[in-house]
Amino acid sequence: MADSGSEEIAVIGNTDLTPSESENNLKNTMVEKGTSLLKMMEISVAEAEKRTGKNAVNMQETYTVYLIETRPVDAASEGTNPVPDSLWRRYSEFELLRNYLLVTYPFSVVPPLPEKRAEFVWHKLSADNMDPDFVERRRVGLENFLLRVASHPDLSSDKIFYSFLTEENGWKETVFETGFQAKADSRLKALNATFRVKNPDKRFAEMKHYGDELQSVISQLLRVRARAADRLYGVYKVHGNYGRVFSEWSAIEKEMGDGLQSAGHHMDAYAASVDDILEEEEHYADQLKEYLFYADALRAVCRKHELTQYELEMAAQDLTSKKQQREELATGTIRTFSLKGMTSKLFGQETPEQREAKVKMLETQIEEGEELVKERNTECEEFVKSAWVDIERFKEQKDHDLREALISYAIMQISMCKKGIQVWNNAKECFSKM
Amino acid sequence: LLSQQLRLNERDLHDTTVTDGSSFNASMQTSPASMINQYKFEEDAEDTKDIFVTVDNPESHVTAIETYITYRVVTKTTRSEFDSSEFEVRRRYQDFLWLKGRLEEAHPTLIVHPLPEKFVVKGMVERFNEDFIETRRRALHRFLNKIAEHPIFSSSEDFKIFLTAAPGELTSYKKQGPGFLSRMGETVKAVAAAVRGVRNRPQEFTEMQEYVEAFSQKISSLDKVTQRIVREQKEYLEELKECGPTYALWSQSEEELAEPLKDVAGCVDRCCKETEEQVKNLNDNLIPVLHEYALCTDTLKAVLRRRDNIQADFEAKTEALATKKADRDTMRDDLDKAEDRLEWANNALKSDWTRWQKDMRTDLRSAFVDTAERNVNYYEKCLAVWESFLHSQRTDAEGNGNVDFS
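All figures in this text were calculated on a predicted structure; none of them were measured in a lab.

A. View of empty space enclosed by the protein. Inspection of the entire model under this criterion finds 10 cavities of 30 Å³ or more. For the largest cavity, the lining is made up of 19 residues, of which Y409, Q413 and M416 of chain A together with Y236 and L240 of chain B are closest to its centre. Listed by contribution, the elements that provide at least two residues to the lining of the largest cavity are α9 (202-250) and α12 (352-432) of chain A together with α8 (203-251), α9 (258-323) and α10 (328-400) of chain B. Its residues assigned to classes, the lining of the largest cavity comprises 15 nonpolar, 2 polar and 2 charged. Empty space within the second largest cavity amounts to approximately 160 Å³. Going through the elements one at a time, α9 and α12 of chain A together with α8, α9 and α10 of chain B are the ones with two or more residues in the lining of the second largest cavity. By residue number, the principal contributor to the lining of the second largest cavity is α9 of chain A, which donates 5 residues. Taken together, the residues that form the lining of the second largest cavity break down as 13 nonpolar, 5 polar and no charged.

B. Local environment of the pattern of salt bridges. Inspection of the entire model under this criterion finds 61 salt bridges over all chains. Where R92 of chain B meets E66 of chain B, a salt bridge forms, and the shortest distance between an N and an O atom there is 3.1 Å. On the criterion of sequence distance, the pair formed by R92 of chain B in strand β3 (residues 86-92) and E66 of chain B in the loop between β1 (51-62) and β2 (67-77) is long-range, its members being 26 residues apart. Residue R92 of chain B is classed as buried on the basis of its relative accessible area, which comes to 16%. We classify E66 of chain B as partly exposed; its relative accessible area is 32%. A salt bridge links R199 of chain B to E319 of chain B, with the shortest nitrogen-to-oxygen separation between them at 3.1 Å. Of this pair, R199 of chain B sits in the loop between α7 (180-196) and α8 while E319 of chain B sits in helix α9, and the two are 120 residues apart along the sequence. Overall, the relative accessible area of 53% leaves R199 of chain B in the exposed class. Its relative accessible area of 42% is what places E319 of chain B among the partly exposed residues. Beyond isolated ion pairs, a larger network of salt bridges with shared partners links R137, R225, E281, E282 and D286 of chain A.

Reading guide: rules and limits
Residues numbered from 1 in each chain as written. Chains lettered and ligands numbered in written order. Predicted model: local features only at pLDDT ≥ 70, side-chain atom pairs only at ≥ 80, totals over all residues. Heavy atoms only, no water. 1 Å grid on protein atoms, 1.4 Å probe; cavity = no way out; pocket = protein on both sides within 12 Å on 5 of 7 lines; lining within 4 Å. Points joined across faces, edges and corners; volume = space filled by probe spheres on them. Helix = DSSP H or I, 4+ residues; strand = E, 2+ residues; numbered from the N terminus. Nonpolar A, V, L, I, M, F, W, Y, C, P; charged D, E, K, R; others polar. Salt bridge = Lys/Arg side-chain N within 4 Å of Asp/Glu carboxyl O. Buried < 20%, exposed > 50% of the residue type's maximum accessible area, 1.4 Å probe, protein only.

Now the structure itself:
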């Protein structure tokens, strides 16, 4: 092993890291970030189970539930190991939680959920949601999601999140009671609308562009990697045929028999080794996928900024036009085209009383408009401030995580090469005895 | 009748089931017994190679009628039968075919190494494709070397002529040969024998036949498996070639991550190159050897058939002697000759069979050992690529103080 022999748990330096070890490293990193929640409790998604029941339209359905376990941190360090608190949740509840967070913390880059349906699969992987391998990878992804939220400076202190982890019954009702659904609908409508912002914040525009590029390149990478994995599988498996033929051949040879037979065994081992190799690579693909979906969350924040900015600009525009109208009424000049102006031209001037009333109304509107602009301006500034803080935090997290992912990919390749060296050296020895 | 004879004559030259042991070859010693002695002597003799043959330098020739390739054949030897110590001639595939045919005619139960096939039907390889010519050249080189290493073949006059004769000489030599009348007579007899079949084949030759059947299947399977591996590797390579550029593309959108992404792209590209090397190695080294031994099995089957025919001929003559009343003296003479032929054929085959098995074992063992070694090298190179990446990441991290080595 080409290792310095150091005992650090960090990924770098240890070339024999297993996927579970690198998972632990990630968890440790998140815990070290030290949100108050994580200081208090350990969170895990321990198991997955199939259930059947009646759905909303009273039809039988099969679905999977996941066991969320929480355990006070102190207990573990005190040496006692009490039974953790636990409750079962299904994927749709995780989705509900995330939607709530998206609406409630629009300036946060909200961690993504693992994919709803298996994508970027290669032929051996199942695209079936009920497939045990898929369920297992989803379990890991859901745990990752909870830990991400729990380590987020703003999201971790959310009460709905806390009760998601701790209150089995009535949680759904609690969420709906917050009235986030209404906000969600209007937010969705607004985000889907097309609008032009006059003075977009350059940084957000760049971030959105970055989000687009990230999504595009990671998709491409996942596609290409899946195809290569498929092919690599084929290469290894065909070597299994060597095993079979050597074995048959050894039966008809006298002196060559033993060498052939044992070489055949090594060929079988070589063919079988690809399963583990590709399973580990799937883990790497999952890490990439997380950031593929994170790109979406990033873009959502930028889009939300655009919306906020747009609303501010609309309010400002409205205020300006109202002020102009007041000016016209005061001076009697009509600079702006308005239906009122036209009709007054056509049908005669108004009485002084009518004009008086109009001016008074405008004044009120202008007052309200100025309040609104002030509000929206503050909103915008606060949004920009909070969002930019979280974006910076996200950037750091992304750089760190993806670098670790690349390193773990290199470690996987090294492990694969070492296995290959071993098998073929063994085979060579057997062949030389032929 | 003359045209029939002519046709038979042509078939003669290439139909190797025709002849028997009383050879056409002028330089061969007539006594089977002394032949066997020479053979045994050669086997016991130390392996002091006194003849070196190379095949290289393919050249294309265009005439009014055809286009063909010739290869340069260089011979270096200290043997006294050769007029000089160095020879250089040009030969085309047809000439190699001729040589092989002559050796088989002269020694029906000895095992001649196979020639590369006339053309590859699968894959539609063009005759003048560079890779095809190179593969063929190597196979022709191996063929001549196998002949030169063979205790009997290497002292064949035909072999000597092949290596030394000027083009005109070779052409006229080829036209010589025993009259077609005698060959025709042999053809008829041999066909009759073949139809009749052998009655009491010795057990060892039956075992040989069973072995050849089984071996033929196995080696053909290995050939196919290896070709399949090459195909799969090539397809893997196609996909892998897209990975590096994708990482490189990604690095363009990143700041902190740009370096590691570019490095990964570089690593993937280097592994691609190594994979390409590995595929080429399989193609150039393992596949030709497997393929040749697959062709060998056809030769072995033919050799066993010819031996059977010689025995069938002997059995027919024995029967004839027992039943006929007239011509008993001539028939007894014929029978003795047939018996000698059979004894000679059997012993020759047994010796050559042992030699062939030893050769096969050596060749296949070294081909597989070589393949395994190359695979180890391939993985070692890829390992180095990724380890250097890790190393650079570690030194980077230490430099930036990013890693917690607690």
